[in-house]
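Descriptive structure summary
Chain by chain, the residues:
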Amino acid sequence: MSVNLLGSIVINGLAMGMVYAMIAMGLIMLIKAVGILNFAQGDLLMFGTFLVSFLIVDLEIPMGAALPLVMVLWGLLGAGFMMITYWPLRNASYPVAPVVATMGASLVLSEGVFLIWGTWPRTMPSLFQTADGRPATVNLFGAEIQVQFFAVIILGALLMFLVWILTEKLYVGKMMKAAAQDKYAARLIGIPHLLTTMVTYILVTELICSAGYMVAPIFAVTKSLSSLQLKAFAGTVIGGFGSIKGAVIGCLIVGLVEAFAQVNLSVYKEAVVFLVLMVFLIFRPGGLIRSKIQDKA
């Protein structure tokens with residue numbers, strides 16, 4: 001394998017692994033803070049990507065003005081999702097009712113995209129373009145690689161770091177943890193459970209929709225973007241279910257495995273990824289980094 005091909009594969013794999021890691025990080029945040037496994041994670045990403053495509057492509061709003069607006073829309077999407085799928089069912093006698101609700105919401109989001117925007121793939125302009133409007137590229141060991149791949153890696157890492165700072169180091173994060181661990185005690189000291197839960201959902205939605213926006217110029221804006229959550233689930237299990245650090249490592253492994261499988265086994269690249277997952281489930285079911293998830297909410 002030549003050096004230029006190897007470099008291209010690694011950059012591609014890291015970029016896609018970073019996208020899966022952002023989805024997985026949002027997944028773990030919801031599990032830790034609310035105790036909900038969200039099966040609509042990929043559909044939220046897909047719907048949010050269609051929203052930004054609508055603003056930039058259909059309404060032709062400049063990217064600088066569209067991004068703040070779409071972040072508000074993503075926040076409203078996350079808050080609305082929480083109020084529909086979790087809040088009315090949080091005290092249901094059937095404990096997994098909110099999880100089942102996310103499955104229904106997944107179908108609603110998928111069919112909503114079909115009704116609003118149709119089934120045709122939509123293009124998304126790259127964040128970095130040449131003067132004639134083509135995606136900008138850089139030469140790495142003789143291979144031309146889109147700058148968008150490097151942007152996904154760098155911006156994805158930055159976003160995850162900022163979310164980690166917010167949730168682990170700042171007072172807001174401590175409030176979210178307190179409400180998650182003991183919502184009754186949190187109310188006694190003045191921490192509003194509704195507000196902290198809503199902030200969690202908004203943060204998760206902003207994170208995963210940002211991942212969709214960054215990866216859309218590489219592929220296209222289609223309903224198939226929702227399938228990215230399957231590989232994020234695989235990375236989460238490989239890394240260690242319940243550990244954010246493990247999920248990030250596992251998703252980077254998934255991205256690299258998928259990229260290398262694309263070279264000679266492009267038709268079976270998904271099968272290769274889930275074959276690796278099966279190996280981990282057999283020989284190390286706890287994942288690379290074991291973490292116990294306590295019952296929340």
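The structure we're discussing is the one just above.
If you're wondering where the values come from, they're calculated on a predicted model, not measured in any experiment.

**As for the overall build of the chain**
Counting secondary structure elements, the chain contains 11 helices and two strands. Listing each helix as α and each strand as β along the chain from the N terminus yields α-α-α-α-β-β-α-α-α-α-α-α-α. Computed over the C-alpha atoms, the radius of gyration of the chain is 19 Å, within 12% of the 19 Å expected from 2.2 N^0.38 for a compact globule of 297 residues. A principal-axis box enclosing the C-alpha atoms of the chain has dimensions of 60 × 50 × 35 Å. Put simply, 74% of the contacts in the chain that link residues at least 6 apart link residues at least 24 apart.

**Focus: the layout of surface pockets**
Of the pockets and cavities examined, the largest pocket occupies roughly 460 Å³. Contributions of two or more residues to the lining of the largest pocket are made by helix 1 (3-33), helix 9 (228-239), helix 10 (244-264) and helix 11 (269-283). Per-element accounting of the lining of the largest pocket gives the leading share, six residues, to helix 1. Here the residues of the lining of the largest pocket are counted per class, giving 11 nonpolar, eight polar and four charged.

**A look at the side chain of T85**
Within the secondary structure layout, T85 lies in helix 3 (residues 63-85). Judged by relative accessible area, T85 falls into the buried class, the value being 2%. Polar contacts involving the side chain of T85 include one to the main-chain carbonyl oxygen of F81, which spans 2.7 Å. The residues touching T85, leaving out its near neighbours within four places in the chain, are P98, A101, T102 and A105.

The rules behind these values
- Note that residues are indexed from 1 along each chain, following the sequence as it is written.
- Local features in a predicted model are, by the rule used here, given only for residues with pLDDT of at least 70; side-chain atom pairs are given and counted only at 80 or more, and totals for whole chains, interfaces and linings are based on all residues.
- Heavy atoms throughout the structure, all of them, feed into the side-chain values; hydrogens and water do not.
- Secondary structure follows DSSP: runs of H or I at least 4 residues long count as helices, runs of E at least 2 residues long count as strands, and numbering of each begins at the N terminus.
- Radius of gyration here uses only the C-alpha atoms, and the compact-globule reference equals 2.2 Å multiplied by the residue count raised to the power 0.38.
- Contacts are residue-level and defined by heavy atoms, with any inter-residue pair within 4.5 Å sufficient.
- The way it works is a 1 Å grid over only the protein atoms, where trapped points that fit a 1.4 Å probe form a cavity and open points with protein on both sides within 12 Å along at least five of seven lines form a pocket, and then any residue with an atom within 4 Å of a point lines it.
- Grid points are joined across faces, edges and corners, and a volume is the space filled by probe spheres set on the points.
- Gly counts as polar in this scheme, as do all residues outside two lists: the nonpolar Ala, Val, Leu, Ile, Met, Phe, Trp, Tyr, Cys and Pro, and the charged Asp, Glu, Lys and Arg.
- For every residue, the accessible area (1.4 Å probe, protein chains only) is compared with the maximum for its type, and the residue is labelled buried under 20%, exposed over 50%, or partly exposed between those bounds.
- We call two N or O atoms a polar contact when they sit within 3.5 Å, provided that within protein one can donate a hydrogen and the other can accept it, with sequence-adjacent residues counted only if both atoms are side-chain atoms.

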